[in-house]
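Structure at a glance
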Amino acid sequence: GSDWGWLLRKQPQFAERCDFRIFKEDIDNFLELLEGQLQLASRCPWAELNGDDWVGVLLKQSRLAKYCDWGKLSGENWTVLLMRQPQFASQCQWRKLDGEDWVRLLLIQSKLAKHCDWEKLSGRCWVVLLVRQPQFADRCLWEKLDGEAWAELLPTRPQFAAHCDFRIFRDHLDCLRE
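Residues numbered from 1 in each chain as written. Predicted model: local features only at pLDDT ≥ 70, side-chain atom pairs only at ≥ 80, totals over all residues. Heavy atoms only, no water.

**A closer look at the overall build of the protein**
Short version of the rule: By the criteria applied, helices consist of DSSP H or I runs no shorter than four residues and strands consist of E runs no shorter than two, each listed in order from the N terminus. Per-residue accessibility, obtained with a 1.4 Å probe over protein chains only, is compared with the maximum for each type, and a residue is labelled buried under 20%, exposed over 50%, and partly exposed between these values. Any two residues whose heavy atoms approach within 4.5 Å are treated as being in contact.
Tallying secondary structure elements over the protein gives eight helices and zero strands in all. The order of α-helices and β-strands along the protein, N terminus first, is α-α-α-α-α-α-α-α. Here the protein holds 178 residues, and the buried ones make up 45% of them. The long-range fraction of contacts in the protein, counting pairs at least 24 apart against all pairs at least 6 apart in sequence, stands at 38%.

Written as structure tokens, this is what we have:
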């Protein structure tokens, strides 16, 4: 791919002779080629790219989004992409994100909370989110927090104590004292 990339950067008229599938294994070289020869984008075998490939492409050259098969992106792919390129939120298949994906995303892009399926967050996910983003407390499903989760949350966020059933702490009180 690198020899073809070099040649096509200099002489794009040779594109007709290139089997662009060679760039699947060297997508960075292809993206470098497209920086100077965007007209070659239609020659890429986009259908062969997987979700990870698409995240790499879109993080480097968001203008290639028109070629993206959004259905290939997993929840993790969407999380990584939207953390850095939130303008693609309108394309996102939100149902693919699990609780951990949501926490990672909301810690960086809190404005995407309007799309969140809060039911997907576990008690552990809520702790991680609330410690760093306490403004989401009004969305919290407090019943998902067990004694261990409360023992982790209350030392840093005591303002949430009103939501805690302290009877669940029998096995976790030592954590609060440390």
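**What about the environment of His115?**
Let me state the cut-off plainly: Contacts described as polar in this section are N or O atom pairs within 3.5 Å, which, within protein, must combine one atom able to donate a hydrogen with one able to accept it, while residues neighboring in sequence count only if both atoms come from side chains.
As for its placement among the helices and strands, His115 is situated in the loop between α5 (99-108) and α6 (123-132). Its relative accessible area of 28% is what places His115 among the partly exposed residues. The residues contacting His115, other than those within four sequence positions of it, are Trp94 and Trp102. Among the polar contacts made by the side chain of His115, one reaches the side chain of Trp94 at a distance of 3.4 Å.

**Regarding α5**
In an α-helix there are 3.6 residues to a turn, and that puts residues three or four apart on one side. Across the ten residues of α5, seven count as buried, placing the element largely inside the fold. Where α5 is buried, its residues contact α4 (75-84) and α6. The backbone nitrogen of Glu100 lies 3.1 Å from a side-chain oxygen of the residue at the head of α5, namely Asp98.

**Re the environment of Leu73**
Topologically, Leu73 is positioned in the loop between α3 (51-60) and α4. You can call Leu73 buried: its relative accessible area is 1%. Distance in space between the C-alpha atoms of Leu73 and Lys96 is 8.6 Å, their sequence separation being 23 residues. Excluding anything up to four places from it in sequence, Leu73 contacts Gly51, Trp54, Val55, Cys68, Trp78, Leu81 and Lys96.

**Some thoughts on the packing of aromatic side chains**
Stated precisely, the cut-off is as follows: Pairing of aromatic rings covers Phe, Tyr and Trp, the last counted by its six-membered ring, and requires centre-to-centre distances within 6.5 Å; plane angles under 30 degrees mean stacked, over 60 mean edge-to-face, and any other angle means tilted.
All told, the structure shown has nine aromatic pairs when counted by the stated rule. Judged by centre distance (5.3 Å) and plane angle (20°), the rings of Trp94 and Trp102 are stacked. Trp102 carries the same exposure label as Trp94, and that label is buried. Taken together, the aromatic side chains of Trp46, Trp54 and Tyr67 make up a single cluster linked through ring pairs.

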